[in-house]
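# Residue-level structural notes
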Amino acid sequence: MSRGRKSYSEQTRSRLLDFWRGEEGFGRPLGCVATTFTFDAALFEEQCLARFLALQSNPNETAKAYLIEREEKLSQCFACVLVDQSHVAPDRSLRWHLLPVTLPRGGIQHAKLSILAWENCVRVLIGSANLTDPGYRKNQEHMAVLDFQMGSNGQSGLLRECVHFIDRLRRFAPGHNRSEGPQVALGAFLRSVETWATKLGDAGSTDPDAECRLISLVPDEEQGGRSVLALLGEQWRGPMPDKAWVLSPFYNEGDDATRTAQIFSELLTTRGPRRITFLAPGRKMANGTIELDLPEALTKSSHSSLKHGFGMVLEYVEHDRSPVMRPLHAKSIWLQRDQRAVFMVGSSNFTLAGFGLHAGHNIELNLAYELKDIGSRFAKICDEAYPAFEELEEIDGVKFLGATQHSDETESGAALLPSAFRSVLYRLAAAGGFLELELGPDAPEAFSVLSRGGVPLLDAAGWRNGGAETVVAIAWGESRPPSALDVHWVGSTGEKFSASWVVNVADAGALPPPDELKDLTLAELLDVLTSSRPIYQTVVRILDRREKAAKSASTVEVDPHRKVDTSNFLLRRMRRLSYALEGLRERLEQPIFSLEALRWRLRGPVGPVALAARLAQGDPDSAAFLVAEVAVTLSAVQWHAAGSLDAKQVRAEASETLQEVERIADVTALPLNLRNYVTDTFGEIMK
């Protein structure tokens, strides 16, 4: 372990947001799942997801283009965030799922894991950074990046362990036992990653002198009561280490700090001198005094042969020749003896809750690298990943201030939604949209559920008078579903509380498309399907044309050639439809990886159902003939199912869609010969 280093190695400096961007050869983005403690929905959506989906538009420059592109690409890609219940985001796009995590004994969801899946690569991010602007843009953080790529020869066990960790964690989120909703979609995505893992290799550390293993902490029977420190100790091989470096921005106070340090010291040898160096944020005052954000209790060790040393992490770093404040948020442990070391990075602070040393501990995730030779290239990279710090030779005059006031393990201060309020799903039926509220029998005596606009939806009296049903359906008259509801309740002591109740969708197909896509005319829809440009670019051009047409509506056309509308000439119309059907077929034959994505392609605003409906509206007398051509195109599609989809599901959805198209084809107004043609065509297709 290097001491007194003044700056990061350039080799270990990276913009964390860049890891969400696919590389050449990764292929299409298929889906992602992320876990976090604190959460910024805007950062996740506009920065992380934008990079993952390779969005070309910018919400701050071309809002319409961004909205259309985001909706189109998210409809083809799964995305989900599991966040601690105290930091749910009430405002977000319902195209991605949000699951609040609640631990029964008072701990927090503190793990930071992201699984990003492309066609040819799965990337895993494990570290200390929350999905927030400080976490990804300001703090000093640690992040381990593991790429599992197609065709490599490594093992895929580590990837499966990450999937299994999410499986364990999501049991603490609502809807785990339901047959529809985000939990089902998440389960399908995780199973897909497991399937891909049989074809993908374990990149590990990409160095033969290092091996990496997960160190997880979840309050379930599977954990077997073992703490992070116990699991870390199992990674050490050979004579026990005699040196350790602890990097943490947050520590317990007083006796709890002493207890944590004593248990930690059991990782070291009991023979000969031993040393633990604690690294924490600090600063040098104008009078020469050093302030260190560490509890004074750590100045005393548990044994005479054990020495405690201290280091001050510099939170002002050079950027463009100017000092910039970069708060420390990274957490790591380095164990060493001679040339061997174990380096652990992740989410665990040096606390009882972070290490799992009491019953109400957190959910945490760390990654431990076993370094067989600290002189190896990879070991040097690990060493240089540490932030700049000054090791203090003497502590006389050092002022130990204790833990900072803004520990990421402390409660946010906001009221936590009672566990009786389980899940809210938005559904769409023939009669319209409705919200499905799931409540438990332990609901507060007095409560009310309101829309974000203050419209009452349910209260305790109405719920109990209705039989206190577990699931309550409430009609939702607005065109767009809410992303959250407001819950107000009275506590046992009479105090009044309020919190947000997250809404998800049972089926993403129930979500209405953006207005810009929903209101396309037949001519505009044909333009979209025949264009070689991305959909969002074509639609934006259509919207621009609308605006120009509206402005020039009062202008009198004098050119006789322009007065002639040729758009409805039969040959021209058939030619345009032929090109559009070819574009539709190419769109449907692109690889597809989930049931929700398939339904969007079939029933979305530029799918075969939408095209058939527009044809029927545009020319009711002869539309059935044209609609039959849509059905012929659909029946001839060569599907490319992958991921969580199988051929049986695709055939079933395609068959249902053909039936919808057939219902649109009204043959009553057709001449007999055309009526027979349409009837025979559908009869042949439906065999």
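What follows concerns the overall build of the protein chain. Each helix and strand in the protein chain was counted, giving 20 helices and 25 strands. Judged by the C-alpha coordinates and their principal axes, the protein chain covers about 100 × 60 × 55 Å. A burial count over the protein chain gives 53% of its 687 residues as buried. Excluding contacts between residues fewer than 6 apart, the proportion of contacts in the protein chain whose partners are at least 24 apart in sequence is 73%. Approximately 31000 Å² of the protein chain is accessible, and the part contributed by carbon and sulfur atoms is 49%. Across the protein chain, 76 positive and 89 negative side-chain charges occur, with their mean positions spaced 3 Å apart.

Where a strand is regular, its side chains alternate between the two sheet faces. Pairing analysis gives 4 bridges linking strand 21 (residues 447-450) to strand 24 (residues 484-490), with the strands arranged antiparallel. If you follow Val449 over to strand 24, its bridge partner there is Val487. Here strand 24 pairs with strand 25 (residues 496-505) via 7 bridges, running antiparallel. Bridging from a neighbouring strand, Val490 pairs with Lys496 of strand 25. The antiparallel hairpin formed by strand 24 and strand 25 contains 5 residues in its connecting segment, where Gly494 sits at a positive phi of about 90 degrees.

Let us now look at the sheet that holds strand 23 (residues 471-475). Read from one edge of the open sheet, 7 strands run 22-21-24-25-19-20-23, paired in mixed fashion. The two strands at the open ends of the sheet, each matched to only one other strand, are strand 22 (456-459) and strand 23. With direction set aside, neighbouring strand axes in the sheet form an average angle of 25 degrees.

So, on to the pattern of salt bridges. In the structure shown here, the tally under the stated rule is 45 salt bridges. Taking the shortest distance from any N to any O, the salt bridge between Glu23 and Arg123 comes out at 2.8 Å. Linking Glu23 in the segment before strand 1 (29-36) with Arg123 in strand 5 (residues 121-127), this pair joins segments that are 100 residues apart in sequence. Residue classification places Arg123 among the buried residues on the basis of a relative accessible area of 2%.

Strand order in the open sheet made by the 6 strands is 3-2-1-4-5-6, with mixed pairing throughout. Looking at which strands have only one partner, the edges of the open sheet turn out to be strand 3 (97-101) and strand 6 (143-149). Averaged over all pairs of adjacent strands, the angle between their axes in this sheet comes to 10 degrees, without regard to strand direction. Here strand 1 pairs with strand 2 (residues 78-84) via 6 bridges, running parallel.

Okay, helix 18 (residues 623-635) next. When the terminal C-alpha atoms of helix 18 are compared, their 18 Å separation across 13 residues agrees well with the 18 Å that a helix rising 1.5 Å per residue should span. In terms of burial, helix 18 is largely enclosed, as 10 of its 13 residues are buried. Turning to helix 18, its buried residues are Ala623, Ala624, Leu626, Val627, Ala628, Glu629, Val630, Ala631, Thr633 and Leu634.

Take the confidence of the model for the protein chain next. Across the protein chain, pLDDT averages 88, with 91% of residues at or above 70. Segment residues 2-11: pLDDT under 50, and 26 contacts once partners within four positions in sequence are set aside and those in other chains are kept.

What follows covers helix 9 (residues 377-384). Within helix 9 the residues assigned to the buried category are Phe378, Ala379, Ile381, Cys382 and Asp383. Tucked inside the fold, the buried residues of helix 9 contact strand 7 (210-217), strand 14 (332-337), strand 15 (340-346) and strand 16 (364-371).

Another aspect to go through is the packing of aromatic side chains. Enumeration over the complete set of coordinates arrives at 24 aromatic pairs. When the centroid spacing of 5.2 Å and the interplanar angle of 75 degrees are considered together, the rings of Phe310 and Phe400 count as edge-to-face. Taken together, the positions of Phe310 in strand 11 (residues 306-313) and Phe400 in strand 18 (residues 398-400) put the pair 90 residues apart, joining distant regions of the chain. Residues Phe310 and Phe400 agree in their burial class; the two are buried. Members of the aromatic cluster, joined through ring pairs, are Tyr251, Phe264, Phe278, Phe310, Phe350, Phe355 and Phe400.

This next bit is on the state of the cysteines. Per the counting criterion, the structure on display carries 0 disulfides. We note that Cys77 lacks a disulfide partner, and the nearest cysteine sulfur, in Cys32, lies 5.9 Å from it.

Here we come to the pairing of strand 11. For strand 11, the buried fraction is high: 7 of the 8 residues fall into the buried class. By the bridge criterion, 8 bridges tie strand 9 (residues 274-284) to strand 11 in an arrangement that is parallel. Across the sheet, the residue bridging to Ile276 is His308, located in strand 11. Of the pairings in the sheet, the one linking strand 11 to strand 17 (residues 389-392) comprises 4 bridges and is antiparallel in character. When the sheet's bridge partners are listed, Val313 is paired in strand 17 with Phe389.

Conventions adopted
Residues numbered from 1 in each chain as written. Predicted model: local features only at pLDDT ≥ 70, side-chain atom pairs only at ≥ 80, totals over all residues. Heavy atoms only, no water. Helix = DSSP H or I, 4+ residues; strand = E, 2+ residues; numbered from the N terminus. Buried < 20%, exposed > 50% of the residue type's maximum accessible area, 1.4 Å probe, protein only. Contact = heavy atoms within 4.5 Å. Areas by Shrake-Rupley, 256 points an atom, 1.4 Å probe, with all protein chains shown as cover. Lys, Arg positive; Asp, Glu negative; His and termini not counted. Charge placed at Lys NZ, Arg CZ, Asp CG, Glu CD. Pairing = 2+ DSSP bridges. Axes fitted to C-alpha atoms, helices over the stretch in contact; angles between N-to-C directions. Salt bridge = Lys/Arg side-chain N within 4 Å of Asp/Glu carboxyl O. Expected span 1.5 Å × (residues − 1). pLDDT = per-residue confidence, 0-100. Phe/Tyr/Trp six-rings, centres within 6.5 Å; stacked < 30°, edge-to-face > 60°. Disulfide = S-S within 2.5 Å.

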